[in-house]
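Now for the letters of each chain:
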Amino acid sequence: MAGSREIRNKIKSVKNTQKITRAMEMVAASKMRKAQDRMKKARPYGEKIRNVAAHMSGANTEYRHPFLIERDTVKRVGIIVVTSDKGLCGGLNTNVLRKALNQMKIWQSEGEQIEVCCIGNKGLGFMSRINATVISQIVGLGDTPDMERLIGAVKVMLDGYTQDRFDRVFIYYNRFINTMKQEPVMEQLLPLTDERIHSGKKEDDTSRVTWDYLYEPEAKPVIDDLMIRYIEAIVYQAVAENMASEQSARMVAMKAASDNAGNVIDELTLIYNKSRQAAITKELSEIVGGAAAV
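Given the structure is predicted, the values throughout are model-derived calculations rather than measurements.

**Q** How would you sum up the packing of aromatic side chains? Please name residues and give values.
**A** For the structure shown, the criterion picks out 2 aromatic pairs. Measuring from centroid to centroid gives 5.2 Å for Trp 107 and Phe 170, while their planes differ by 35 degrees, and the two rings are tilted. One end of the pair, Trp 107, is in helix α2 (residues 92-109); the other, Phe 170, is in strand β4 (residues 168-178), with 63 residues separating them in the sequence. The pair formed by Trp 107 and Phe 170 is uniform in burial state, with each residue classed as buried.

**Q** Give a description of the side chain of Asn 174 that names residues and reports values.
**A** Looking at where Asn 174 falls in the secondary structure, it is placed in strand β4. Looking at Asn 174, the relative accessible area reads 1%, which means it is buried. At a separation of 3.1 Å, a polar atom in the side chain of Asn 174 contacts the side chain of Asn 242. For Asn 174, the contacting residues outside a window of four places in its chain are Leu 92, Val 96, Glu 183, Pro 184, Glu 241, Asn 242 and Ser 245.

**Q** Got a sec to walk through the pattern of salt bridges? Specific residues and values, please.
**A** Within this structure, the stated rule accounts for 11 salt bridges. For Glu 112, the salt bridge is made with Arg 168, and the minimal N-O distance between the two is 3.8 Å. Separated by 56 residues along the polypeptide, Glu 112 in the loop between α2 and β2 (113-119) and Arg 168 in strand β4 bring together distant segments of the chain. The exposure class of Glu 112 is buried, given its relative accessible area of 9%.

**Q** Break down the pairing of strand β1 (residues 76-82) for me, with residues and values.
**A** Most of β1 sits out of view: 6 of its 7 residues are buried. Here β1 runs beside β2; their pairing, made up of 7 bridges, is parallel. What sits directly across from Gly 78, in β2, is Glu 115. Alignment of β1 against β4, held across 5 bridges, turns out to be parallel. Directly across from Val 77, in β4, lies its bridge partner Arg 168.

**Q** With reference to specific residues and values, describe the pairing of β4.
**A** The two faces of a sheet get side chains in turn, since along a regular strand they alternate between them. Most of β4 sits out of view: 8 of its 11 residues are buried. One ladder, built from 9 bridges, connects β4 with strand β5 (residues 181-190); its direction is antiparallel. Pairing of Asn 174 across the sheet is with Pro 184, part of β5. Here β4 folds back onto β5 in antiparallel fashion, the turn holding 2 residues.

**Q** Lay out the sheet that holds β2 with the relevant residues and their values.
**A** Strands sit in the order β3-β2-β1-β4-β5 across an open sheet of 5 strands; the sheet is mixed. Of all the strands in the sheet, the pair left with one neighbour each is β3 (134-138) and β5. Within the sheet, the average angular offset between the axes of one strand and its neighbour, ignoring direction, is 20 degrees. Each of β1, β2, β4 and β5 is contacted by α2, which is oriented at about 150 degrees to β4, the strand it contacts most. On top of the sheet, helix α4 (residues 147-162) reaches β1, β2, β3, β4 and β5; it is set at about 160 degrees to β3, its chief contact.

Conventions and cut-offs
Residues numbered from 1 in each chain as written. Predicted model: local features only at pLDDT ≥ 70, side-chain atom pairs only at ≥ 80, totals over all residues. Heavy atoms only, no water. Phe/Tyr/Trp six-rings, centres within 6.5 Å; stacked < 30°, edge-to-face > 60°. Helix = DSSP H or I, 4+ residues; strand = E, 2+ residues; numbered from the N terminus. Buried < 20%, exposed > 50% of the residue type's maximum accessible area, 1.4 Å probe, protein only. Polar contact = N/O pair within 3.5 Å; in protein donor to acceptor, adjacent residues only side chain to side chain. Contact = heavy atoms within 4.5 Å. Salt bridge = Lys/Arg side-chain N within 4 Å of Asp/Glu carboxyl O. Pairing = 2+ DSSP bridges. Axes fitted to C-alpha atoms, helices over the stretch in contact; angles between N-to-C directions.

Rendered as structure tokens:
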């Protein structure tokens, strides 16, 4: 059994750690509310522009944007992986990176080449360790997503698609469900299809709505601007969702760490009391034994 001084030092060390985890839990709770508000405000715009762009993909327009044209064969894939810059948020980053890695293995087995854009330090470190081809990166975003910083690295992926370097582009991020649950998702960014329109319909519903639009002054500048807004909205919402998920996961993880630290302190205190009691009993036995010998 460890000595009393050693046990006291362990208890003191665990208490100091518990203070840190409690402080991090409160900080994460404060940031989580702001991140959730930002994410909830971005959702309606993101969903609306998704639907408008998806309707446009099925419309009979005189101009077809390259982002709306489906490729016949897929030989190269570009992926955008959104993770956090910092750790201590449970399995949040692990889940989305595992999902991306499993899909990358499937694509590689089919002979497809993969290039990666990393948003977040954790994703960048992981992709570097597995020797993935990282062509752009964004780290150190802080607590508030900045579209001006995001679009620079994402534009590399968009240029790669328009230049036929990629046949498809996907984005991976954690979707915020609630404080206790965050879901890693894979979403096809390019080319845009009309799957979102019919995803909520029953299989036996054969009715398909054909959309068409009138453009002023002409279709090309309107559709070009809309596609840029579509990409910006999807990427911004993905980062906002991931940040809200990060703060929620960190708050839950730090609360669990604080509770575990409390359990460890209780166990060490019990061991310390037993050790102290054994030492006192031993001293009393020695005193009684000495008195009896006299």
